[in-house]
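# Observations on the model geometry
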Amino acid sequence: MNARIVQELNQHVRHSALSGEVAAARRGFAERGFAKASFLVPASVKQAVADDVLSLIEESGVRRDLRFKETGDTPRRMRNVTRSEIATRSAVIPTVYESEALIGLLGEIVDEPVLVCPYEPEQYVITRLEHTGDTHGWHWDDYSFALVWVVQCPPPEHGGFVQCVAGTTWDKSNPAIHRALLDNPTWSFEVGSGDLYVMRTNTTLHRVYPITAGVRTIINMGYASKSDLESSLSHETMDALWAEQV
């Protein structure tokens, strides 16, 4: 299975028709800190990842209902599966995460080198919103980039779409989220099952709009920039959100 996944990703990246889509995603990413990038992987790889995600969330998901002062007490109401659990139970997801072909394409979109996240708990995590009011509230991430695979999502009238505010700064001692919302445009993006999107998560304030019906299941793959590796980063919210016990 792993060898086949690697081969399919390598073949996909060599497809010349991707150049126009990569260029369009690069423009959107530069302007808004967000770009849809469902073209990044073939349908067979999406299905393999989705199968593992759905199995893992059913068997190993842990319910969370938390708020964090580092993001102005915004809520995280969801079910999730940690990186350690995923790495233990899935061969596909770690292989895809570390794919040189995929990482290379991501680098073309963000217009700089993309690196495996040095902080393992943020490399890949599964989340599910399943109850009315479930949300991944306004926040930033510690590292620069996220590739999000949407496995399930309700239609936008039931929430689950992405909102972001580009070009913002995370001060963990004074997050000032309302000021960021007032001073900058907020972009909203519809996403559906099978979509992938890329975000610059350390300088793009973002959230998932609370759901009112249906289920939203995703896997988030986090990556670092060179500047991340040169910075001293703390992980208060991540350590709490992905803790093994709640």
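My aim in this report is to walk through the structure given alongside it, one point at a time. Keep in mind the model is a prediction, meaning the values are calculated, not measured. (Residues numbered from 1 in each chain as written. Predicted model: local features only at pLDDT ≥ 70, side-chain atom pairs only at ≥ 80, totals over all residues. Heavy atoms only, no water.)

Moving on, we come to the packing of aromatic side chains. All told, the structure shown has seven aromatic pairs when counted by the stated rule. A connected cluster of aromatic rings, assembled from ring pairs, spans F34, F189 and Y197. The ring of W187 carries the charged tip of R32 above its face, separated from the ring centre by 5.1 Å. If you follow K172 out to its NZ or CZ, it ends over the ring of W170, 4.6 Å from the centre. (Phe/Tyr/Trp six-rings, centres within 6.5 Å; stacked < 30°, edge-to-face > 60°. Lys NZ or Arg CZ within 6 Å of the ring centre and 35° of its normal.)

The tendency in soluble globular proteins is for nonpolar side chains to be buried as a group. In this structure, L40, V96, I109, L147, W149 and Y223 are the most contacted members of the largest nonpolar core, which totals 47 residues. Discounting residues that sit within four places of it in the chain, V96 has contacts with I5, L9, V45, V49, L102, W149, M221 and Y223. V162, F189, Y197 and M199 belong to the second-largest nonpolar core, a separate cluster that totals 12 residues. (Core = buried A, V, L, I, M, F, W, Y, C linked by side-chain atoms within 4.5 Å. Buried < 20%, exposed > 50% of the residue type's maximum accessible area, 1.4 Å probe, protein only. Contact = heavy atoms within 4.5 Å.)

A separate point is the side chain of N80. Mapped onto the elements, N80 comes out in strand β3 (residues 74–81). There is a polar contact of 3.1 Å between the side chain of N80 and the side chain of R64. (Helix = DSSP H or I, 4+ residues; strand = E, 2+ residues; numbered from the N terminus. Polar contact = N/O pair within 3.5 Å; in protein donor to acceptor, adjacent residues only side chain to side chain.)

Next up on the list: the pairing of strand β2 (residues 62–68). The pairing of β2 with β3 spans seven bridges and is classified as antiparallel. In the sheet register, R67 faces β3, and the bridge partner there is P75. The hairpin turn running from β2 into β3, its antiparallel successor, is five residues long, and G72 in that turn takes a positive phi close to 70°. (Pairing = 2+ DSSP bridges.)

Located in the positive-phi region is D73, a residue other than glycine, with phi close to 65°. Relative to the assigned elements, D73 resides in the loop between β2 and β3. Take D73: its relative accessible area is 44%, and that puts it in the partly exposed class. Located in the positive-phi region is A176, a residue other than glycine, with phi close to 45°.

Within the element layout of this structure, Y209 appears in the loop between β11 (205–208) and β12 (216–224). Of the residues examined, Y209 reaches a relative accessible area of 34% and is grouped as partly exposed. It is 9.2 Å that separates the C-alpha atoms of Y209 and W138, two residues lying 71 residues apart in sequence.

Attention now moves to the pattern of salt bridges. This structure, assessed with the given rule, holds 14 salt bridges. Put simply, R63 and D134 hold a salt bridge, and the shortest N to O gap is 2.6 Å. Of this pair, R63 sits in strand β2 while D134 sits in the loop between β5 (124–129) and β6 (135–139); the two residues are 71 residues apart in sequence, bridging distant segments of the chain. Of the residues examined, D134 reaches a relative accessible area of 1% and is grouped as buried. Linking K69 and E70 is a salt bridge whose minimum nitrogen-to-oxygen distance equals 3.3 Å. In this structure K69 comes out as exposed when scored by relative accessible area, which is 60%. Through salt bridges with shared partners, a single network forms among R63, R79, E130 and D134. (Salt bridge = Lys/Arg side-chain N within 4 Å of Asp/Glu carboxyl O.)

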